[in-house]
Amino acid sequence: MSYVQNQLELLKQKSPGEPEFIQAATEVLTSLEPVIEANPKYEQNGILERVTEPERQIIFRVPWVDDSGKVRVNRGFRVQFNSAIGPYKGGLRLHPSVNLGVIKFLGFEQIFKNSLTGLPIGGGKGGSDFDPKGKSDREVMAFCQSFMTELYRHIGKDVDVPAGDIGTGAREIGYLYGQYKRITGLYEGVLTGKGLPYGGSLVRTEATGYGLLYFTKAMLEKNGHSIQGKTVVISGAGNVAIYAAEKAAQLGAKVVTLSDSTGWVYDPDGIDLKAVKEIKEVNRQRLSVYTQYRPNAQYHQGRGVWSIPCDIALPCATQNELLPEDAKQLIENGCIAVAEGANMPTTIEATQMLQQAGVLFAPGKAANAGGVATSALEMSQNSQRLAWSFEEVDAKLKGIMENIFANADAAAQTYGHAKNYVVGANIAGFVKVADAMLAQGVV
Ligand code: NDP
Ligand code: 2IT
């Protein structure tokens, strides 16, 4: 059995009940085979054993009081996965589905994503099974203050810098930042995605979605296509989905779907983003009310965006939301590209089906790296005590995304898997981390 296969078997035995983590590790490790075979030093130095084992995992109780005066308890997590190339960096997910396996999968992906950005950031992730939906602002604040009352001792601007993810946006980051400052007395860039008045960076809100489109555009152009005039289907209606839709429209494409966890909308005239922002960002409502703004649009319950004929599909909601039957439908409908805004939205089988059918496939750890890249730019601005203009940050983001595409494309070619951007991104992300680990000795 190869080193990679042996390591995956061991990991399965050691991580029962963590299917998402095993899925992410399987996808990454199997695509590393060529680089592992060419470099025996990685096996000799136990790089796969080390890179799949978090440096540290923190699990803690988060007690808070709800509006009726009742005490509630959630479980908090921070997985500090790898600090070979910089302080741990990665978001906090607040969603009832959060468990250790989910946070480990996200933290593992983050190691390679952060490496791909070319910026000095290690990999980490955290969160809680707390559900912000339907909670009052005061309840969300009570939860965030309690969460930070434990987390503060494990983080810092040069140690670990959390940010947003599903369920964690500007409101939550504000409450978390206030509590960190209150406990430590430090005004420092310990979180990213902060509000503009207190150290946030311009473009961070838009960064993941915009970056996804910069990557997609580079991939399409390299393969002789243009984004202009294309029909795009998007899942999700949160931070990533909204700004992916905005940039797609700016680049001349037509976005016809969005979804949330209860249903999806099809708007053949093109999604009205002003309406979506009001529904989601201001009123925190369900997407079903979209038809009140746009009578020609259809609302359907459940899932279904992948059934709408399109040229480009952008899954931007959550993991394992694009299944083999969806891949089949996209292929039948003539889709030319799938680019992942979410983390691991496409199952391994669906990914393989798309690639075999010749659909260009951009993996999340490359295509959605614009969010964390702009977080790293926020860290730079905080350290400098300066704030850069929108144009300056946006130009840097665009350059970073084009660079990630070029590096993934080159690595895929070098290792004999031309146009396989999954293999290319995994190898390009891995090599920098592995070589930093080798240089730093057995730690
Ligand atoms: P948000 O919380 O802003 O939005 C998430 C969206 O996805 C919502 O529309 C939500 O619907 C939907 N969704 C979430 N969970 C489920 C589920 N289990 N089933 C169906 N729909 C679901 O999160 P983001 O937009 O920030 O994150 C979306 C994805 O992008 C995640 O995979 C995240 O890890 C990834 N990502 C985010 C980055 C960022 O900078 N924010 C950076 C890189 C990746 P509802 O409102 O009904 O829950
Ligand atoms: O998945 C991700 O890359 C994020 N949620 C963003 C992390 C960050 O630190 O900005």
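Our subject is the structure that appears above.
Within each chain, residues carry numbers counting from 1 in the order of the written sequence. The naming scheme follows written order: chains are lettered A onward, ligands numbered 1 onward. Reporting in this predicted model follows two pLDDT cut-offs: at least 70 for local features of residues, and 80 or more for side-chain atom pairs to be given and counted; totals over whole chains, interfaces and linings ignore these cut-offs and use all residues. Derived side-chain values reflect all non-hydrogen atoms in the structure, with water molecules and hydrogen atoms excluded from consideration.

S.K.: I'd like to hear about the nonpolar core, residue by residue, with values.
M.R.: The nonpolar side chains of soluble globular proteins are, as a tendency, buried together. If you look at the biggest cluster of nonpolar residues, it comprises 65 residues, and the most contacted ones within it are Phe215, Ile234 and Leu314. Counting from the N terminus, the helices are DSSP H or I runs at least four residues long and the strands are E runs at least two residues long. No other element matches helix α9 (residues 204-222), which puts 9 residues into this core. Whether two residues are in contact is decided by their heavy atoms: any pair within 4.5 Å suffices. Non-local contacts of Ile234, meaning those with residues more than four positions away in its chain, are made with Ala241, Ala244, Ala245, Val255, Thr257, Leu258, Ser259, Val305, Leu314 and Cys316. For this analysis, a nonpolar core means a set of buried residues of the types Ala, Val, Leu, Ile, Met, Phe, Trp, Tyr and Cys, connected via side-chain atoms within 4.5 Å. Three exposure classes are used, based on accessible area relative to the maximum for each residue type with a 1.4 Å probe and protein chains only: buried under 20%, partly exposed in between, and exposed over 50%. With 39 residues, the next largest nonpolar core counts Ile36, Val51, Phe430 and Val433 among its residues.

S.K.: If you had to explain the sheet that holds strand β5 (residues 160-163) to someone new, which residues and values would you point to?
M.R.: In short, DSSP must find at least two bridges between two strands for them to pair. Read across the open sheet, the 5 strands follow the order β1-β2-β4-β3-β5; overall the sheet is mixed. The open sheet has two edge strands with one neighbour each: β1 (56-65) and β5. Across the sheet, the mean angle from the axis of one strand to that of its neighbour is 20°, orientation sign disregarded. Bridge count for strand β2 (residues 71-82) against strand β4 (residues 122-128) is 6 bridges, and the pairing is antiparallel. Note that in β4 the partner of Arg78 across the bridge is Gly126. The convention used is that axes are lines fitted to C-alpha atoms, helices contributing only their stretch in contact, and that angles between N-to-C directions extend from 0 to 180 degrees.

S.K.: Give a detailed account of the site of ligand 2, specifying residues and quantitative values.
M.R.: In these notes, residues near a molecule or strand are those with any non-hydrogen atom within 4 Å of it. The local shell around ligand 2 holds 14 residues, among which Lys89, Lys113, Asp165, Arg204 and Ser375 are the closest. Within the side chain of Lys113, one N or O atom sits 2.7 Å away from an oxygen atom of ligand 2. Contacts described as polar in this section are N or O atom pairs within 3.5 Å, which, within protein, must combine one atom able to donate a hydrogen with one able to accept it, while residues neighboring in sequence count only if both atoms come from side chains. Contacts to ligand 2 include Arg204, whose side-chain N or O atom sits 2.9 Å from an oxygen atom. Residue burial considers only the protein chains on display, and all accessible areas are found by Shrake-Rupley using a 1.4 Å probe. About the coverage of ligand 2: the protein hides 93% of its 300 Å² of free accessible area. Elements represented by at least two residues in the shell around ligand 2 include exactly β3 (88-94), α6 (100-116) and α16 (370-384). Any residue outside Ala, Val, Leu, Ile, Met, Phe, Trp, Tyr, Cys, Pro, Asp, Glu, Lys and Arg is labelled polar, Gly included; the first ten of those are nonpolar and the last four are charged. For the shell around ligand 2, the class distribution of residues is 2 nonpolar, 7 polar and 5 charged.

S.K.: Describe the environment of Leu94, naming the residues involved and giving the relevant values.
M.R.: Along the polypeptide, Leu94 turns up in strand β3. Separated by 263 residues in the primary sequence, Leu94 and Ala357 have C-alpha atoms spaced 36 Å apart. Beyond its immediate chain neighbours, meaning those up to four positions away, Leu94 contacts Gly127, Ser128, Phe130, Pro132, Phe143, Ile166, Gly167, Thr168 and Glu172.

S.K.: Can you explain the sheet that holds strand β12 (residues 360-362)? Please cite residues and give values.
M.R.: Strand order in the open sheet formed by 7 strands is β9-β8-β7-β6-β10-β11-β12, with mixed pairing between adjacent strands. With one partner strand each, in any of the chains shown, β9 (298-301) and β12 form the two edges of the open sheet. Each neighbouring strand pair of the sheet contributes to a mean axis angle of 15°, computed without reference to strand direction. When strand β8 (residues 263-266) meets β9, the two strands line up antiparallel, connected through 4 bridges. Each residue of the ladder has a partner; that of Tyr266, found in β9, is Gln298.

Everything listed is a geometric property; what it means functionally is a separate question.
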